[in-house]
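What the coordinates show
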Amino acid sequence: MDIRKKMATLAVHGSGHQSVMGAVGFPIFQSANFLYAGETNYHELRYIRLNNTPNHEMLHETLKELEKGDAALVTGSGMAAITTALLTALRAGDHLLAQPVLYGGTHTFIAHDLERHGVRHGFIDPDDPDKWEAALTPATRAVYVESVANPLLDVLDLDRVVAFAKHHGIMTIIDNTLPYPVNYNPLSHGFDVVVHSCTKYLNGHSDIVAGAIVGARAFVDKCKETLDHLGGSLDPHACFLLARGIKTLPLRMEAHNRNAQQVAELLATHPAVRMVRYPGLPTDPAHDRAKRWFRGFGGIVTFELRGGAEEADRFTKSLTIPLFAPSLGGVESLVTLPALTCHAGMPSEERRRIGISDFLIRMSVGIEDPEDLVSDLSRALDGFVCVK
Ligand code: PLP
């Protein structure tokens, strides 16, 4: 079966077209509360904060189908999904193992906020699974990874993570934001829980923040109870925008995958570039793993120019198509320096230690015409070489 086609149908129709009063488009239920209908459980009362308006429920069906889980929960942001999943899985006294390079907000939440609540953590060596056992403690309850780590695009031995966790009876939680469900479905590979920043590719239009948790029904139900109390629910209008964005996800992903490959190939051969990371390059350290598990290599390319921060600044300012802005996964190309944006919350020594220099550039390659993108980048890079 052509998985992409199946995904395209799921993205448009979810588990089946749901019509309200014959409408082809699913309406926005912009109502905070609903008439009491005899509910006996607090969490079943119909109220936006309780994540159960028709707009939430319709998204839960679609996200569950796309990520091949039993149940899904949409949240007010990617961080709301991550913090809710971790706070549901862990309690004071527990220990969490994590990958050292993670989205900056997640890293800081694990290293600082969870610690304040009595949850200790340790990091696994991404290059040496034989050392993971030594990082375990009797209190280790879960291991947290990203399928493609932001921003260095490392891909861990994901099968080994699952085997390791199963062997030790601990839960696996994976942030699948960068490959998105079109390129990879972690639950089908044995992971227990998937979290997403739907702000990125799932929505795809840089106009909302949203997140999702997908996994087994019992765990997702527990997450809903946590989220109902934390209050990080998604507004129905944002639910509507997310549901609309998802419909074109597989189409957009084809363009992101293709364009990023072309950008990475240009960067890999240009003399102004010191290093480039993209899992689709055969020379990339993540290539073999990405090829084994992913259906596409994604839309993010990370690189360093020869020189330093001044050169990176001059280069980003000379681009005419990509916008200089944080975030990723929208239809428009974006460039950013993670040290100034997504990883600015990390202490600089820690950031440098894990390989995020002050002049590392991350490009979220959009769906513009690839020739236009490549010629804009070539012009900026050539100018850079001339100035030097
Ligand atoms: N996970 C990853 C991989 C991200 O890149 C981000 C944000 O950039 C997040 C999670 C957090 O998502 P949000 O900004 O929707 O809270």
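So, here is what we can say about the structure in this document. (Residues numbered from 1 in each chain as written. Predicted model: local features only at pLDDT ≥ 70, side-chain atom pairs only at ≥ 80, totals over all residues. Heavy atoms only, no water.)

1. Side note on the pairing of strand β6 (residues 193-197)
This is how the line gets drawn: Each residue's exposure class comes from its accessible area (1.4 Å probe, protein chains only) as a fraction of the maximum for that residue type: buried when under 20%, exposed when over 50%, partly exposed otherwise. Elements are defined by DSSP. Helices are runs of H or I of four residues or more, strands are runs of E of two residues or more, and each kind is numbered from the N terminus. Pairing between two strands is assigned when DSSP locates at least 2 bridges connecting them.
Buried residues dominate β6, accounting for 5 of its 5 residues. Because side chains alternate across β6, one face comprises the buried residues Val193, Val195 and Ser197, and the other comprises Val194 and His196, equally buried. In this structure, strand β5 (residues 171-175) lies alongside β6, joined through 3 bridges in parallel fashion. If you follow Asp175 over to β6, its bridge partner there is Val195.

2. Description of the side chain of Glu67
Just so we agree on the cut-off: Positive charges come from Lys and Arg alone, negative charges from Asp and Glu alone, with His and the N- and C-terminal ends not counted. Salt bridge, as applied in this entry: a Lys or Arg side-chain nitrogen positioned within 4 Å of an Asp or Glu carboxyl oxygen. As used in this structure description, the phrase polar contact means that two N or O atoms lie within 3.5 Å; if the pair is within protein, one of them must be able to donate a hydrogen and the other to accept it, and residues adjacent in sequence are counted only when both atoms belong to side chains. Note on contacts: a residue pair is in contact if any heavy atoms of the two residues lie within 4.5 Å.
Summarising the element assignment, Glu67 is placed in helix α2 (residues 54-67). It is Arg295 that comes nearest to the buried, bridge-free Glu67 among opposite-charge side chains, at 6.9 Å. A polar contact of 2.7 Å, which involves the side chain of Glu67, links it to the side chain of His196. With residues near it in sequence (within four places) discarded, Glu67 still touches Asn176, Pro181, Tyr184, Asn185, Pro186, Leu187, Val194, His196 and Val214.

3. Things to note about the site of the ligand
Basically, it comes down to this: Near, as used in this document, describes a residue that has one of its heavy atoms within 4 Å of the molecule or strand being considered. In this description, accessible areas are obtained by the Shrake-Rupley approach with a 1.4 Å probe, and a residue is regarded as covered only by the protein chains that are shown. A cavity here means a set of points on a 1 Å grid, drawn over the protein atoms and nothing else, where a 1.4 Å probe fits but cannot get out; a pocket is an open set with protein on both sides within 12 Å along at least five of seven lines, and a residue lines either one if it has an atom within 4 Å of a point. More than half of a molecule's atoms lying within 2 Å of a cavity's or pocket's grid points is what places that molecule inside it. Amino acids are sorted into nonpolar (Ala, Val, Leu, Ile, Met, Phe, Trp, Tyr, Cys and Pro), charged (Asp, Glu, Lys and Arg) and polar (every other residue, Gly among them).
The immediate surroundings of the ligand are formed by 14 residues, with Met79, Asn150, Asp175, Ser197 and Thr199 found nearest. A distance of 2.8 Å separates an oxygen atom of the ligand from a polar backbone atom of Met79. Within the side chain of Asn150, an N or O atom sits 2.8 Å from an oxygen atom of the ligand. Out of a free accessible area of 390 Å², the ligand has 92% covered by protein chains. Given that more than half its atoms are within 2 Å of the pocket grid, the ligand belongs to the second largest pocket. In terms of residue count, the dominant contributor to the shell around the ligand is helix α3 (residues 78-89) (3 residues). The residue makeup of the shell around the ligand, split by class, is 6 nonpolar, 6 polar and 2 charged.

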